[in-house]
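Structural overview
Here are the chains, one letter per residue:
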Amino acid sequence: MNLYQASLANARDDGFSELLGRVLRDHNFDSVSKGEWEQIALYQRANIMNLGNIRFQWKLGLMDYHSYELELRRAADRKELWQWLGGLGVPHADFWEDVDELKKQPSFRWHPFTLAFREWSKDKDPLARAFY
């Protein structure tokens, strides 16, 4: 429900929707200003906090594995972005164990976003601000 509400709010904000489109869909990272990267960092921080809640629900049996796996895939694909944004961390350490197990599966493939971001960021200084 949180993701639904966040997506709905983002859809109503033309500027932020356009920014997310440039980054997540078009992979146009060079077009993003430092202030916009800060917005993305805050947005991603909220998404990460939600992952802790999702894992908690899954462990209690309130969510099926398919839905949980979608979040694991998203985390795998966003981890490098999160590190670049300042080491944003998921509240549950064993969440990353689940992500690592998923990445070992023969069906796992990197999302085009991850491949594009990895290539773009290899010679870029990270935003390098952790949220603690």
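Residues numbered from 1 in each chain as written. Predicted model: local features only at pLDDT ≥ 70, side-chain atom pairs only at ≥ 80, totals over all residues. Heavy atoms only, no water.

**Details of unusual backbone geometry**
Selection rule: Helix and strand assignments follow DSSP, with helices taken as H or I runs no shorter than four residues and strands as E runs no shorter than two, numbered in order from the N terminus. Partly exposed describes any residue whose relative accessible area lies between the buried limit of under 20% and the exposed limit of over 50%, with all areas from a 1.4 Å probe on protein chains only and scaled to the type maximum.
Positive phi outside glycine occurs at H27, with the angle close to 55°. By the element assignment, H27 lies in the loop between α2 (14-25) and α3 (34-59). The class for H27 is partly exposed, based on a relative accessible area of 23%.

**Side note on the nonpolar core**
Selection rule: Among the buried residues, those of types Ala, Val, Leu, Ile, Met, Phe, Trp, Tyr and Cys that are joined through side-chain atoms within 4.5 Å form a nonpolar core.
Counting residues in hydrophobic clusters, the biggest one holds 30 residues, and the most contacted among them are W37, L85, F95 and F117. Of all elements in the fold, only α2, α3, α4 (65-86), α5 (93-104) and α6 (112-121) reach the threshold of two or more residues within this core. Considering every element that reaches this core, the biggest residue donor is α4, with eight residues.

**Quick look at the confidence of the model for the chain**
Detailed reading of predicted coordinates is not advised where the pLDDT is low. This is how the line gets drawn: Confidence scores labelled pLDDT are given residue by residue by the predictor and lie between 0 and 100.
Chain-level statistics for the chain give a pLDDT mean of 86 and a share of 86% at 70 or above. Put simply, helix α1 (residues 2-12) is where the chain has its lowest mean pLDDT, 65, and α6 is where it has its highest, 97.

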